[in-house]
Amino acid sequence: MLSLLVFLPLIGGFVLWAVLRGRHDAARWLTLGIACVELGLGLALWSQWGPGFFIREQARWIPTIGIHYLLAIDGVSLVLCLLTAVVTLAAILVGWRRIRDWGTFGPLLLAAEGGIMGVLTALDLVLFYVFWEVMIVPIYFLIALRGGPRAAPAAMKFFLLTVAGSLLMLVSLVGLYLVHGQHTGYFTFNYFQLLHTPMTGDLSLWLMLGFLAAFAVKVPMLPLHIWAPDAYCEAEPPVAILLSGAMANVGAYGILRLCLPLFPEGAQAFAPLGMALGAAGVVYAGLLALVQDDMKRVIAYSSISHMGLVVLGLFAWQLQSLTGAVYLLLAHGVAVGGLFAVVACITDRGRPTALDAMGGWFRPMPRLGVLLLLFVLTSVGLPGLANFVGEFLVLSGSVRSDLLWAAVGTAGIVVSVTYFLRMYERSMLGPLKEDLALPDLGARETLLLGALVALVLWLGLYPASFLDPIKGVTAGIADLVSVAPGAIAEHVVH
Amino acid sequence: MWSTDLLLLAPYLITGLGGLAVLLAGVLPIAGRGRLAYGLTLLFLLAAALACIPLRGQTHIIQGLIIIDVTSLSFIALSAAGALATVLLARHYGPTLGEVNEAFYGLVLFATLGMFMLVSTEDLLTGFLGTELIAVPLFALIAWQPRRPGAIESGLKFAVLSGLAAAFFLYGMALIYAGAGTLDGQAIAAAAAGPHGFPLLVKIGTGLLLVAIGFELAVVPFHMWTADIYQGAPVPVTALLGTVGKVAMLVFLSRLVVSQMSPVWADFVPLLAAMAAAGMVVGNLLALRQQNLKRLLGYSTIAHFGYVLVALASGGPSGYQAALYYGLAYTAMNIAVLGVIAAVAGETGDREELDSYRGLGRRHPWLGLVLAIGVLSLAGLPPTAGFFAKLLVFFAALQSGGYGLAVLLALTTAVSFVFYLRVLLVFFSAAEQEPAPTARLSFGAGLVLAGAAALTLGAGVYAQPFLFR
């Protein structure tokens, strides 16, 4: 079942490319079909949810060097897989009209989805790395081949930073393997066996930093975020949705799944800095969003700002903050998908997204205006909508770890209110700048945005259905922190 | 020499005698002798490769000169496959169309025999014979169809430089013999340390040997010729000299470094590490802004041998394993890429500038797929063989404490993505000039491309059987 979840889009995408190349319409429908089946698989997995890793699949792959084919899924991977399936579906619907050759776009999109699913379920570290790289190649081509004029450099920047980070992860990964092998005499890349590798604090920190380099680029975390605004803006909106709504999550997932449990001491030593970077990211990206003159860029920076909050929550390392961080990923994925979908609706009408060229668009497009308002309110964390739950949990957890950075993070949320309302005011309200015939949303667009709003409301009003699977996992990770300080103290004494 | 040895030597006999037979077939007074020579060449190479299958599992040393073991059998088969690819690609290769005759085939077979010798020996003299048996036919093959621009120049350049390398090789051998009294790689270290040994001479000799091998492998600082030869030689010949030809030398070097000679090499480990670092940096930087695809591949080769030297500098069984797997992956992925270049070459010459490939991947999606697999593997992306090769090098480096080299490998690999991705981007972006470039793929070339792509992917996805111990 898990293998199917991972390989259905990968193989389906390849078959699609091989068979339906050049047959635009058929390829488009088949892409949609595969994405729907994928979501169905995700829902089927949800119905089987149980405590811990409730499904595992294991096979021998390269036994002589301890590499296995090992897939497993627990609550956190489950909700993120569901989100990925939803976001991919949204991306397909957003691109329904504007993408001209689905014969190549569809396969690339599906391959990226399969790669993300693989990353979320692979628990052999080499397999994890394989999917990690499989995921970024189609994304590179999606950005480079079909975006704006500056798309190729943006894609290159994205790819280089990602690959540099992931190669450092590879070094750390092999390092961890060797350390574990030298201590136990048993060389393996199996996550479960690597969990309790004894190592000194320094080594733990360095190996953790190697992993973090890969994840921080993806998140994107403060100093390594430089690729994100360009990539989000230069890519076509469907690709931007996939990048910000699904691909960014795997970075946070990696920190949660690998950095914290595999290297509790190193991560603990890094946690204060991690919190600081997260909180600083919230404020910094928020301030940048405040001065952007393009709707796409405002959304891009708001996405980076929200991911900063996720990082803050992860490194605060509290049950609430960890749970909130994962929950925020869900909320942010859906909300940012909705925002970029609105951008796509605007560009589909042949209008630029520069804020100066907009104004008063609520009147010709009331439906778009209302739905955009809902997504904006979600993103600023209005109670009753999705982000509120996550942000509240992150901040209430972070306060216990470090009051200062929690306060800075909160200030960032205030900034987010400012820039989002500024964006909304300049685009939707005020007088119409010119007499335009702007048709309101069509059936496909209303359906898509309406579905995303429904998800936002579900996430906001009945969080328990997602919090339960998450909490079971984050509780285990939060417990690690109570063990680690003693170990660190021991290290300091020696 | 026993009669069973003859059986073990079957691949060598088939190729050597086959070379003579092909030369004879080419001058037979019958119509269709060209096709006959072509067919016979394919047959002999296939037979040599297949002869390795029943010999599997045997370990035997013939007269202390030829070692038959898993490694040599595997690389004999690989060399034969590489030569087969060369012959298949050359048959319909535009720039030398109608010029490829029995002499070409014969020379390819003799060069292949040289590779067989090189991959299966630790004896320096046999190694020297193998090296020269590869190099001498290549003088002619590189300059094939001498009216092509740059043909004579690159042939001459290769001849002069490999002559120089041969001189270093011979002098090194002479000094080692003077210092140790033997040329058998397994006995040199013991003899040099013995009562009549002269360790200093052995060390100097080994250093000279390293220079010679460095020339053949295009290791920095002996790399200058690579890009020129890659540009000037016919692409099928590049596929022979640039892949299996080099890999044979790599296997020879790997055997020397990890064999009984390892005490002698111990002093050279820092030097190997420095050459590795230089190769990774120089190769990738030179390739970075290169617009000529053939030259770009030449520079990328320099970088790849930098990666391989990281494994050899780490030494030990894991370094040996990594180097050999790297050789296999390197051959498969380079043949895939060079095969695509050969397949789309025009009658007048290769497409050289990267821009002339614009849009080819859209027009010929399957060619594009093979190129994408090959280039992504060169870049080291999973699940290709190129990735597992780098992973094994990481193992070897970190195991022996080469943290600096491992990090340098990671960073230079990241840099290399710039030019590898540029190649792919050009291939798959929309063609600007009309009409878009086209290609006609012959059956043989299609076979080569399919095989190389399958091996590149297969050895990556299922690496287990390709890990030599």
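Since the structure is predicted, the reported quantities are computational estimates derived from the model, not experimental observations. (Residues numbered from 1 in each chain as written. Chains lettered and ligands numbered in written order. Predicted model: local features only at pLDDT ≥ 70, side-chain atom pairs only at ≥ 80, totals over all residues.)

## Observations concerning the overall build of chain A
This is how the line gets drawn: Only runs of H or I of at least four residues qualify as helices and only runs of E of at least two qualify as strands under DSSP, and these elements are numbered from the N terminus. Three exposure classes are used, all based on how many other C-beta atoms lie within 10 Å of a residue's own C-beta (placed from the backbone): buried at 20 or more, exposed at 12 or fewer, and partly exposed between those limits. Contacts here follow a simple rule: the backbone-placed C-beta atoms of the two residues must lie within 7 Å.
When you go through chain A residue by residue, the secondary structure sums to 18 helices and 2 strands. Each principal axis of the C-alpha distribution contributes one length, and for chain A these read about 75 × 55 × 40 Å. The burial tally for chain A puts 62% of its 494 residues in the buried class. The contacts of chain A with a sequence gap of at least 6 include a subset with a gap of at least 24, amounting to 82%.

## As for the interface of chain A and chain B
By a frequent convention, interface size equals the accessible area lost on bringing the separate parts together. For clarity, the cut-off: Basically, the charged four are Asp, Glu, Lys and Arg, the nonpolar ten are Ala, Val, Leu, Ile, Met, Phe, Trp, Tyr, Cys and Pro, and anything else, Gly included, counts as polar.
If you look at the interface, chain A gives 24 residues, while chain B gives 24 residues. Those elements that place two or more of their residues in the side of chain A that touches chain B are helix H5 (125-146) and helix H6 (151-184) of chain A. Sorting elements by how many residues they give to the side of chain A that touches chain B places H6(A) first, with 13 residues. Of the residues in the side of chain A that touches chain B, the class split is 20 nonpolar, 2 polar and 2 charged.

## Comments concerning the nonpolar core
Inclusion rule: Throughout this description, the term nonpolar core refers to a group of buried Ala, Val, Leu, Ile, Met, Phe, Trp, Tyr and Cys residues whose C-beta atoms join them within 7 Å. Here the bounds of each domain stem from an automatic or database domain assignment.
In terms of nonpolar packing, the biggest core is built from 391 residues, with Ile143(A), Cys259(A), Ala341(A), Ala248(B), Tyr326(B), Ala336(B) and Val393(B) touching the most fellow members. Split by domain, the residues of this core number at least three in each of domain 1 (1-262) and domain 2 (271-494) of chain A. Setting aside residues no more than four positions away along its own chain, Ala248(B) makes contact with Phe75(B), Ser79(B), Met115(B), Leu118(B), Val119(B) and Ile134(B).

## Observations regarding the pairing of strand E1 (residues 55-62) of chain A
Residues and elements named next belong to chain A. The criterion, for reference: The rule for pairing is simple: two strands pair if DSSP sees at least two bridges between them.
As defined by bridge partners, E1 adjoins strand E2 (residues 67-73) across 7 bridges and the pair is classed as antiparallel. Opposite Ala59, over in E2, you have Tyr69 as the bridge partner. Between the antiparallel neighbours E1 and E2 lie 4 residues, among them Gly66 with a positive phi of about 70 degrees.

## Structural notes on the packing of helix H11 (residues 264-290) of chain A against helix H12 (residues 295-316) of chain A
All names here are of chain A. Applicable threshold: Where helices are involved, their axes are fitted lines through C-alpha atoms of the stretch in contact, as for all axes, and angles between N-to-C directions lie from 0 to 180°. Any angle that is under 35 degrees is reported as roughly parallel, and any over 145 degrees as roughly antiparallel; angles of 65 to 115 degrees are reported as roughly perpendicular and all others as oblique. What makes a crossing left-handed is the near helix being turned counterclockwise from the far one by less than a right angle; a clockwise turn instead makes it right-handed.
Where H11 contacts H12, the two axes come as close as 7 Å, and the packing angle between them is 160 degrees. Between H11 and H12, the angle is such that the two are roughly antiparallel. Note on packing geometry: the crossing formed by H11 with H12 is left-handed. Within the contact between the two elements, H11 uses Ala271, Gly274, Met275, Leu277, Gly278, Ala279, Gly281, Val282, Ala285, Gly286, Leu288 and Ala289 and H12 uses Val298, Tyr301, Ser302, Ile304, Ser305, Gly308, Leu309, Val311, Leu312, Phe315 and Ala316. Split into classes, the residues belonging to the contact of H11 with H12 amount to 16 nonpolar, 7 polar and no charged.

## What to know about the domain arrangement of chain A
All names here are of chain A. When the domains of chain A are assigned, the result is domain 1 (1-262) and domain 2 (271-494). Each of domain 1 and domain 2 has a C-alpha centre, and these two points are 21 Å apart. If you look at the interface, domain 1 gives 41 residues, while domain 2 gives 43 residues. Of all the secondary-structure elements, those providing two or more residues to the side of domain 1 that touches domain 2 are helix H3 (75-94), helix H9 (228-234) and helix H10 (237-262). Sort the elements by how many residues they give to the side of domain 1 that touches domain 2 and H10 lands first, with 13 residues. For the side of domain 1 that touches domain 2, the per-class residue count stands at 31 nonpolar, 7 polar and 3 charged.

## Points about unusual backbone geometry
In this chain, Val219(A) is followed by Pro220(A) through a cis amide linkage whose omega measures -15 degrees. Position of Pro220(A) relative to the elements: it lies in the loop between helix H8 (201-218) and H9. With an omega dihedral of 5 degrees, the bond running from Pro382(B) to Pro383(B) counts as a cis peptide bond. Its location among the elements puts Pro383(B) in the loop between helix H17 (365-379) and helix H18 (385-399).

## Quick notes on the packing of H17(B) against helix H20 (residues 443-461) of chain B
Residue and element names in this part refer to chain B. For the pair H17 and H20, the least separation of the axes is 10 Å and the interaxial angle reads 40 degrees. One element, H17, and the other, H20, form an angle in the oblique class. Here the hand of the crossing between H17 and H20 comes out left-handed. Residues Val370, Ile373, Gly374 and Ser377 of H17 pack against Leu449, Ala453, Thr456 and Leu457 of H20. Residues that form the contact of H17 with H20 fall into these classes: 5 nonpolar, 3 polar and no charged.

## Focus: helix H7 (residues 151-180) of chain B
Residue and element names in this part refer to chain B. The line we're drawing: A helix is expected to span 1.5 Å multiplied by its residue count minus one.
In this model, H7 (30 residues) spans 42 Å end to end at C-alpha, consistent with the 44 Å of a helix rising 1.5 Å per residue. Inspection of H7 places Ser154, Gly155, Phe158, Ser162, Ala165, Phe169, Gly172, Leu175, Ile176, Gly179 and Ala180 among the buried residues, and these make up the whole buried set. Where the residues of H7 are buried, they touch helix H6 (124-142), helix H8 (185-193), helix H9 (199-217) and helix H10 (225-232). Once H7 finishes, Gly181 follows within two positions and takes phi at roughly 75 degrees, a positive value.

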